[in-house]
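The primary structure of each chain is shown beneath.
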Amino acid sequence: MENALDKSAGSAEEAEMAIDFMVMPLSRYIAGDFISPAMRTAWDAGLPYSLLGPHGMLQIPKDTPFGGPDAPARREAILEMLLGDLRALPAIGDASWDERSAAEPAFHRVDPGSYEALLEEAARPRKRGPFGLFGTAPSAVVHLGMTLLVPCDLAAPIEMSSPFERRVGSTPRALQELSSRPWSARAASAVETLRAALQDAARLGLPMIVDQ
């Protein structure tokens, strides 16, 4: 499920560049049991909202979830299997979030160029001492580059293969990383967008998914 499939408004090129930080249970995300701001904006303007899939364009009726009218039922059907997958991850185990949460999802659209700059800077080794006189140190900013952030204090990122493949980081550690170093002007917009999304994730106690 990617925003590259989102053709509700603007050009295909614009849609393909879209990156969203989405705060919600994984079951809701996988089943498509949500209505995004882009969907609501299109409907409020009297425009159709359509998805480009393998069988062509599919129009989603007003007030229907992204995954279709049966998305809530699909979410319920996958819950137990998904919870089993999460419990099988030693770093998460039983400390996972409420996958049955009915909290309203939060959505944050980030500028792609600024987010690219943030990721580049996060991966760059930091210089030691004034002007880097003492060489460089390995980057301590590792959680920011993950594509799934969870409300658990993970000592280090982990790899998730089920229910889907994701590199998983920690929301509280990512928030610490955002405050751990200065960022360039180019990355500033993404820093603030990501901070707002992570704060929503911490407040709701739910995962934050990087959807692109």
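Up top is the structure these notes are about.
Residues numbered from 1 in each chain as written. Predicted model: local features only at pLDDT ≥ 70, side-chain atom pairs only at ≥ 80, totals over all residues. Heavy atoms only, no water.

Colleague: Just to check I follow, could you spell out helix α6 (residues 171-178) for this structure?
Modeller: Two residues of an α-helix separated by three or four positions point the same way, owing to the 3.6 residues in each turn. Of all the residues in α6, the buried ones are Thr-171, Ala-174, Glu-177 and Leu-178. Down the axis of α6, the buried set is contained in an arc of 115 degrees. They therefore lie on one face. (Buried < 20%, exposed > 50% of the residue type's maximum accessible area, 1.4 Å probe, protein only. Helix = DSSP H or I, 4+ residues; strand = E, 2+ residues; numbered from the N terminus. Arc of directions from axis to C-beta.)

Colleague: Would you explain the sheet that holds strand β4 (residues 106-110) in this entry?
Modeller: Each strand in a sheet pairs with its neighbour through backbone hydrogen bonds, running either in the same direction (parallel) or in the opposite one (antiparallel). Taken in spatial order, the 6 strands of this open sheet run β4-β1-β10-β7-β9-β8, and their pairing is mixed. Since the sheet does not close on itself, it has two edges, and those belong to β4 and β8 (158-160), each with one partner. The sheet shows a mean angle of 25 degrees between the axes of neighbouring strands, direction not considered. Both strand β7 (residues 148-150) and strand β9 (residues 166-170) contribute to a ladder of 3 bridges, which runs parallel. (Pairing = 2+ DSSP bridges. Axes fitted to C-alpha atoms, helices over the stretch in contact; angles between N-to-C directions.)

Colleague: Explain the packing of aromatic side chains here, please?
Modeller: In this description, an aromatic ring pair is defined by two values, namely the gap between the centres and the angle between the planes. In this structure the tally under the stated criterion is 5 aromatic pairs. Seen from their ring centres, Tyr-29 and Phe-164 are 6.2 Å apart, and the 70 degrees between their planes marks the pair as edge-to-face. Taken as a pair, Tyr-29 in helix α2 (residues 26-31) and Phe-164 in the loop between β8 and β9 lie far apart in primary sequence, 135 residues in all. Aromatic side chains Phe-34 and Phe-66 sit 5.3 Å apart centroid to centroid with 15 degrees between the ring planes, which places their arrangement in the stacked category. Of the two residues, Phe-34 is situated in the loop between α2 and α3 (37-44) and Phe-66 in the loop between β3 (56-60) and α4 (71-87); the sequence distance between them amounts to 32 residues. Site record: aromatic cluster; members linked through ring pairs are Phe-34, Phe-66 and Phe-107. Taking the ring centre of Phe-164 as reference, the NZ or CZ of Arg-166 above it sits at 5.2 Å. For the cation-ring pair, Arg-181 lies above Trp-183, with the distance from its terminal atom to the ring centre recorded as 5.8 Å. (Phe/Tyr/Trp six-rings, centres within 6.5 Å; stacked < 30°, edge-to-face > 60°. Lys NZ or Arg CZ within 6 Å of the ring centre and 35° of its normal.)

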